Amino acid sequence: MAEPTYIPVLPTGRSALTAYRDLAPSARAAIAPLWTVPPPDPARPRRPLRDLLATVAHHQGAGPAWWDAAGRETGREAGGGTGGDDPPVVVSALRDVLPGTPLRPVTGVERPVWQQTACVEAALTCGDGRGMGIRVVPAPPGHGHLADRLQDLLARIGHLARSAPTGLPLDLLIDLDAVQDDHAFRLAEKRALDALARLGPLHPWRTVSVLAGSCPGTEGAPDGYGAPFAEAERYDWDLWHLAARSPDGRRLPLVHGDYAAAHPRGVRRPRVIPDGPPWGLLRLTGERTYLLGRAPACGADHHTAVRAMARELVATEDFDAAPDSEPKRWLRACAEGQGPRGAGGPEAWARAAHGQHLAYVVRRLRGWPPDDWAV
């Protein structure tokens, strides 16, 4: 099974699932999403974990990906104090549903032993070398004992998988969460490089990925969100270049990762406003920045403002430079259309933002690393 060149963290919501499903086959072949289940929304019925896993697998198709239900695991901090599912529910989904999918289970050093064991057993049940992922959150250099805890987890996995004839392939997912200003970027750089140096040599990893999110979200955005649109630095892309050029990054099977066109809080906390805010963001991924325009989601003439913002984004050099994709065509059609039909809403805008971002990153990663690199 070919390994990916890009690992985006995607929430298990409809907009991200549809954006990935609708990508061109060549783009999908380069991507292995880290599907992450957010904590349950206290205002809505909790969808059975088994059903959600089956839905994600259906949209995923045949390519490799990861499944991380940390937000639904009892014993972990679930945003908003909503709690999670009982261990038997999580174990049942991993044991009975996951082996029939292309998904790889994910554990971590802070997960309970029952969850770590269930992930190993699910990966072994697959019997096809699918393996599993280990997701870690590195502390600043000199703080914590992550390397020791990871060694303990690797020893536990090795003991559980001792009967596997070829061992259990493992992927290291280094999660830096949100990185959205210069101070956070400098700290994230130190954390990433230290993690690569300390954790990389602990195991012959199948892949190593540094994950960071720099795209702003709607929650907490100021009222005057750009005139006509705002720009946000793509610190996640900058971190990838720094990690890939580091001595440890060159020695490791490093794969680019990010949180696509969303803020990491989307997979950390449940939605706090059941029906969402009365506005949303049109987003466009460019070479160095994210372009973001605030648009009303309701109102008699809200489509007029939406199309005006779409025209502003379509007129940029970043739009011209983006690869052709269905989301790019949708944004152009929105800009050129008339009336409310086809102007979309927050879910359609999020789907287009994710799809355009994924297609853009895949194209930028083709041909990486440069031929003159000495690995």
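Our structure's up above, just so we're on the same page.
These figures come from a predicted structure and were not determined experimentally. (Residues numbered from 1 in each chain as written. Predicted model: local features only at pLDDT ≥ 70, side-chain atom pairs only at ≥ 80, totals over all residues. Heavy atoms only, no water.)

Asks: Is there a simple way to explain the overall build of the protein in this structure?
Replies: What the protein contains, in helices and strands, is 13 helices and 11 strands. Counting across all 375 residues of the protein, residues that qualify as buried make up 55%. Of all intrachain contacts in the protein linking residues separated by at least 6 positions in sequence, the fraction that spans at least 24 positions is 79%. Taken as a whole, the protein presents about 16300 Å² of accessible surface, with 53% of it coming from carbon and sulfur. (Helix = DSSP H or I, 4+ residues; strand = E, 2+ residues; numbered from the N terminus. Buried < 20%, exposed > 50% of the residue type's maximum accessible area, 1.4 Å probe, protein only. Contact = heavy atoms within 4.5 Å. Areas by Shrake-Rupley, 256 points an atom, 1.4 Å probe, with all protein chains shown as cover.)

Asks: Please explain the sheet that holds strand β5 (residues 132-136) as it appears in this structure.
Replies: Backbone-to-backbone hydrogen bonds pair the strands of a sheet. The strands run either parallel or antiparallel. Spatial strand order, β1-β2-β3-β4-β5-β6-β7-β9: eight strands in a closed barrel with parallel pairing. Taking each pair of neighbouring strands and ignoring which way they run, the sheet shows an average axis angle of 25 degrees. Against the sheet, helix α3 (residues 49-60) engages β2 (34-36), β3 (65-68) and β4 (103-107), with an angle of about 165 degrees to β3. The strands touched by helix α6 (residues 146-160) within the sheet are β4, β5 and β6 (170-178), with β5 carrying the most contacts at an inclination of about 160 degrees. (Pairing = 2+ DSSP bridges. Axes fitted to C-alpha atoms, helices over the stretch in contact; angles between N-to-C directions.)

Asks: Got a minute to help me understand unusual backbone geometry in this structure?
Replies: With glycine set apart, most residues show a phi of negative sign, and most peptide bonds adopt trans. If you check the backbone angles, Asp177 has positive phi at about 65 degrees while not being a glycine. Topologically, Asp177 is positioned in strand β6. The class for Asp177 is partly exposed, based on a relative accessible area of 28%. Positioned with a positive phi, Ala260 is a non-glycine residue whose angle comes to about 55 degrees. Position of Ala260 among the secondary structure elements: in the loop between β9 (254-258) and β10 (279-285).

Asks: Quick question: what am I supposed to make of the nonpolar core here?
Replies: A general feature of soluble globular proteins is that nonpolar side chains tend to end up buried together. In this structure, Trp35, Trp67, Leu103 and Ile134 are the most contacted members of the largest nonpolar core, which totals 71 residues. Counting residues in hydrophobic clusters, the runner-up holds 16 residues, among them Leu282, Met309, Ala310 and Val314. (Core = buried A, V, L, I, M, F, W, Y, C linked by side-chain atoms within 4.5 Å.)

Asks: So what exactly am I meant to see when it comes to the packing of aromatic side chains here?
Replies: With the rule as written, the count across this model stands at two aromatic pairs. Measuring from centroid to centroid gives 5.5 Å for Phe185 and Tyr235, while their planes differ by 35 degrees, and the two rings are tilted. A residue pair is termed long-range when its members are at least 10 positions apart, and Phe185 in helix α7 (residues 182-199) and Tyr235 in helix α8 (residues 235-245) qualify at 50 residues. Note on Phe185: relative accessible area 15%, which makes it buried. For the cation-ring pair, Arg104 lies above Trp66, with the distance from its terminal atom to the ring centre recorded as 5.1 Å. (Phe/Tyr/Trp six-rings, centres within 6.5 Å; stacked < 30°, edge-to-face > 60°. Lys NZ or Arg CZ within 6 Å of the ring centre and 35° of its normal.)

Asks: Just checking my understanding: could you explain the environment of Val89 for this structure?
Replies: Assignment of secondary structure puts Val89 in helix α4 (residues 87-97). The spatial distance from the C-alpha of Val89 to the C-alpha of Arg50 is 8.2 Å, given a sequence separation of 39 residues.

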